[in-house]
Amino acid sequence: MMEIEQHALYALAAVLLFALGFHGLLSRRHLLRKIIAVNVMSSGVFLLLIAVARRDAVDFPDPVPQAMVLTGIVVAISISALAMALARRIYRQTGGSTLYAAEEEPQREEAQEE
Amino acid sequence: MTADLVLDLLLVVSLLLLAWLLLRSEDFLRTAVLFIAFGLFMAIAWVRLLAPDIALAEAAIGAGITGVLLMDAIRHMEWERQQRGEDGPEHPPPKRPLAVRGGILAAALAAGGLLVAGVWQLPGQRPGLAGAVSDRTEELEHPVTAVLVVFRSIDTWLELGILMLAVIGLLAARGRQTLEAASLAPPRDPVLEGVVRVLAPLAILVAGYLLWLGTWAPGGAFQSGVILGAVGMLLWLSDHRSIEALPVWGWKLLIVVGFATFTAAAAITLLLSGAMLEYPPDWMLAMIKSIELAAAISIGACFTALFVGQHPAQQRLQTDDGKQERHPRL
């Protein structure tokens, strides 16, 4: 059996996480779920960066990608918090939790009455 | 197969499974709990990849702060539904036509396939920048801290700016001018109060220790700031008096101090050595330490603000006016 290297395994998982998150971002409609999906995607990106840093490790993994990921994690969470505040604002003003409130909300009301 | 590889394989499969489950789940609470578990597994993955700095930050952010934000947003939406008199579980939005769903799946598969092919062709080991960094660090023995505050300090500087902007954007989105927020005022719970009294000082101590450690070991401003942010959330959630001890201008000061210190350091270094953020050797350690301290405080204050700011503005102000509005201004 072919010997799999550790960093290759994590790199593969990273891109699969990215693809899973991407699918979630497109297919889920609730804004909170979209925010969660973007978070899964960013986890994939970070994992790939660190997997590459691990590949280049001699006695210590490359510190530059590590610093980039640390910065990225903090930026990702602050953007998520901002996105959640925007989602709450949309929810309060339109009563809808998606970006499609204008055309689809009336249909939903009818469906409820039936 | 070695035992190490089996462990990695299990970890990777769990990560993908958790991601799949949390993206598929229809129940929000379940999603939030799965997301917290996902964050913890990511933290283990960082340790496996020899990146303990990131593991420390991820354990606090991915598993802690994001989880709190998510749960809070879920509860808030439920509360708004109750205010509107809607009962029962929320109706999911109507399903998209099959063709659209197929298109989305195809797009995701195509993106995934391309990325897998790309990863497959990743070249073998490259020298990387580890050697270059360790050759140039004299005072700072921990290379990640060195990259963060010396070689790529502009990233950290601008990141503090992003945090500040996120706080301002959040207050704008919530239509608020100050950071004061109505406390949720849970019933006085002696157990909760006791736990907070022990936990909060301990957590602040840990944050200080991580900051001090950052010079030569995993740790530093980021990890320390994230823990400070968690302390702020804890104090606010448990309605602890100490969170009100700080006036509004005090909060504003804490939020900008990191960015301001960085800007001042950039100006001073520009004047002294002619190059921005190129620290003069004699002052290097002192400048870096003060930048890190200010950054940690700002990160902590911004995270607290990013959580507290999600909530409606101070209700106490409204009662002072003699109004009993349940919906404060947007």
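Figured I'd write up the structure that's included with this text. (Residues numbered from 1 in each chain as written. Chains lettered and ligands numbered in written order. Predicted model: local features only at pLDDT ≥ 70, side-chain atom pairs only at ≥ 80, totals over all residues. Heavy atoms only, no water.)

### Some points on the overall build of chain B
Heads up, the rule is: The helix and strand labels rest on DSSP assignments: H or I over at least four residues marks a helix, E over at least two residues marks a strand, and numbering proceeds from the N terminus. Working definition: with a 1.4 Å probe on protein chains only, accessible area under 20% of the residue-type maximum means buried, over 50% means exposed, and in between means partly exposed. Computed with a 1.4 Å probe, the accessible areas rest on the Shrake-Rupley method; for each residue, only the protein chains presented here act as cover.
On a plain count of helices and strands, chain B comes out with 12 helices and zero strands. Each helix (α) and strand (β) of chain B, taken in turn from the N terminus, gives the series α-α-α-α-α-α-α-α-α-α-α-α. Residues classed as buried in chain B amount to 45% of the 330 residues present. When the accessible surface of chain B is totalled, it reaches about 16700 Å², and 68% of it is carbon and sulfur.

### Focus: helix α3 (residues 63-94) of chain A
All names here are of chain A. Applied cut-off: For a helix, the expected span equals 1.5 Å multiplied by the residue count minus one. We define a polar contact as two N or O atoms separated by no more than 3.5 Å, with the added condition that, inside protein, one atom must be a possible hydrogen donor and the other a possible acceptor, whereas residues neighbouring each other in sequence contribute only through side-chain atom pairs.
Here α3 is 32 residues long and its end C-alpha atoms lie 46 Å apart, about the 46 Å a rise of 1.5 Å per residue gives. Among the 32 residues that make up α3, 23 are buried, leaving the element largely enclosed by the rest of the structure. The residue sitting at the N-terminus of α3 and contributing the capping side-chain oxygen is aspartate 62; that oxygen lies 3.2 Å from the backbone nitrogen of valine 64. Of the residues flanking the end of α3, it is glycine 95, one or two places downstream, whose phi is positive at about 75 degrees.

### As for a nonpolar patch on the surface
This is how it is decided: Grouping into patches uses exposed residues only, defined as over 30% relative accessible area, and leaves out salt-bridged ones; the cut-off is 9 Å for like charges and 5 Å for nonpolar side chains (Val, Leu, Ile, Met, Phe, Trp, Tyr). Each salt bridge in this description consists of a side-chain nitrogen of Lys or Arg and a carboxyl oxygen of Asp or Glu lying within 4 Å of one another.
Together, B:Ile154, B:Leu158, B:Leu270 and B:Met276 make up an exposed nonpolar region whose accessible area comes to about 360 Å². Among the secondary structure elements, B:Met276 is positioned in the loop between α10 (248-273) and α11 (284-308).

### What about the side chain of B:Arg48?
Our working definition: Residue contacts are defined here by distance: any two heavy atoms, one from each residue, within 4.5 Å place the two residues in contact.
Position of B:Arg48 relative to the elements: it lies in helix α2 (residues 28-48). Once you skip the residues sitting within four places of it in the chain, B:Arg48 turns out to touch A:Gln6, A:Tyr10, A:Arg54, B:Asp4, B:Leu7, B:Asp8 and B:Leu11.

### Comments concerning the interface of chain A and chain B
Put simply, the test is: The quantity reported as buried area is the accessible area (1.4 Å probe) lost by two parts once they are put together, taken as the sum for both.
Contact residues are listed per partner, giving 76 residues for chain A and 94 residues for chain B. Summed over both sides, the interface between chain A and chain B buries roughly 8200 Å², with carbon and sulfur atoms accounting for 72% of that surface. When the area that chain A buries against chain B is broken down by residue, the three leading residues are A:Arg88, A:Tyr91 and A:Arg92, summing to 11%. Our count for the contact surface shared by chain A and chain B stands at three salt bridges. One salt bridge in this structure joins A:Arg28 and B:Glu26, with 3.2 Å as the shortest N-O distance. Summed over the shared surface of chain A and chain B, the number is 18 residue pairs in polar contact (both at pLDDT 80 or more).

### Some points on the pattern of salt bridges
Summed over the entire model, instances satisfying the criterion amount to nine salt bridges over all chains. Among the ionic pairs, A:Arg55 bridges to A:Asp56, the shortest N-O distance being 2.9 Å. Residue classification places A:Arg55 among the buried residues on the basis of a relative accessible area of 10%. By sharing partners, the salt bridges in this structure join A:Arg88, B:Asp72 and B:Arg75 into a single network.

### Overview of the environment of B:Val256
All names here are of chain B. Its location among the elements puts valine 256 in helix α10. You can call valine 256 partly exposed: its relative accessible area is 34%. In this structure, valine 256 is in contact with Met164 and Ser298, ignoring residues within four places of it in sequence.

### Digging into unusual backbone geometry
Residues and elements named next belong to chain B. In the Ramachandran plot, leucine 50 falls in the positive-phi region, its phi being about 60 degrees despite a non-glycine side chain. Mapping leucine 50 onto the fold places it in the loop between α2 and α3 (52-83). Phi angles above zero are rare outside glycine, and leucine 277 is one such case at about 60 degrees. Turning to its location among the elements, leucine 277 is positioned in the loop between α10 and α11.

### Notes on the packing of helix α1 (residues 3-24) of chain B against α2(B)
A pair of packed helices is captured by two measures, namely the crossing angle of their axes and the spacing between those axes. Residues and elements named next belong to chain B. Counted only if it meets this: Note on geometry: axes are lines fitted to C-alpha atoms, helical ones only across the stretch in contact, with angles between N-to-C directions running from 0 to 180 degrees. Reported orientations rely on four angle classes, namely roughly parallel under 35 degrees, roughly antiparallel over 145, roughly perpendicular from 65 to 115, and oblique for the rest. For a crossing to be left-handed, the near helix must be turned anticlockwise from the far one by less than a right angle; the clockwise case is right-handed. Here the term charged refers only to Asp, Glu, Lys and Arg, the term nonpolar to Ala, Val, Leu, Ile, Met, Phe, Trp, Tyr, Cys and Pro, and the term polar to all other amino acids, Gly among them.
Between α1 and α2, whose axes approach to 9 Å, the crossing angle comes to 155 degrees. With respect to α2, the element α1 is oriented roughly antiparallel. Crossing geometry of α1 relative to α2 is assigned as left-handed. Along its contact with α1, which presents Asp4, Leu7, Asp8, Leu11, Ser14, Leu15, Leu18, Ala19, Leu21 and Leu22, the element α2 presents Arg30, Thr31, Leu34, Phe35, Ala37, Phe38, Phe41, Met42, Ile44, Ala45 and Arg48. Tallied by class, the residues present in the contact of α1 with α2 amount to 15 nonpolar, two polar and four charged.

### Points about the packing of α3(B) against α11(B)
All names here are of chain B. In the contact formed by α3 and α11, the axes pass within 10 Å of each other and the chain directions differ by 25 degrees. In terms of their interaxial angle, α3 and α11 are classed as roughly parallel. Here Ile61, Ile65, Val68, Leu69 and Asp72 of α3 lie close against α11, whose contacting residues are Phe303, Leu306 and Phe307. Of the residues belonging to the contact of α3 with α11, the class tally is seven nonpolar, no polar and one charged.

### Observations concerning α2(B)
Over its 21 residues, α2(B) extends 30 Å from the first C-alpha to the last, a length consistent with the 30 Å expected when each residue adds 1.5 Å. All buried positions along α2(B) are accounted for by B:Phe28, B:Thr31, B:Ala32, B:Leu34, B:Phe35, B:Phe38, B:Gly39, B:Met42, B:Ala43, B:Ala45, B:Trp46 and B:Arg48. The inward-facing, buried residues of α2(B) abut α1 (6-27) and α2 (31-55) of chain A together with α1 and α3 of chain B. Looking one or two residues beyond α2(B), the residue adopting positive phi is B:Leu50, at roughly 60 degrees.

### Focus on the packing of aromatic side chains
Residue and element names in this part refer to chain B. Rules: In this analysis, rings of Phe, Tyr and Trp, with Trp reduced to its six-membered ring, are considered paired at centre separations within 6.5 Å, and the interplanar angle assigns stacked below 30 degrees, edge-to-face beyond 60, and tilted for intermediate values.
What the rule picks out here adds up to six aromatic pairs over all chains. Their ring planes at 40 degrees and their centres at 6.2 Å tell us that phenylalanine 35 and phenylalanine 38 sit as a pair that is tilted. Remark: phenylalanine 38 and phenylalanine 35 occur in helix α2; sequence separation between them is three residues, near one turn of the helix. The class for phenylalanine 35 is buried, based on a relative accessible area of 4%. Given the relative accessible area of 1%, phenylalanine 38 is considered buried.

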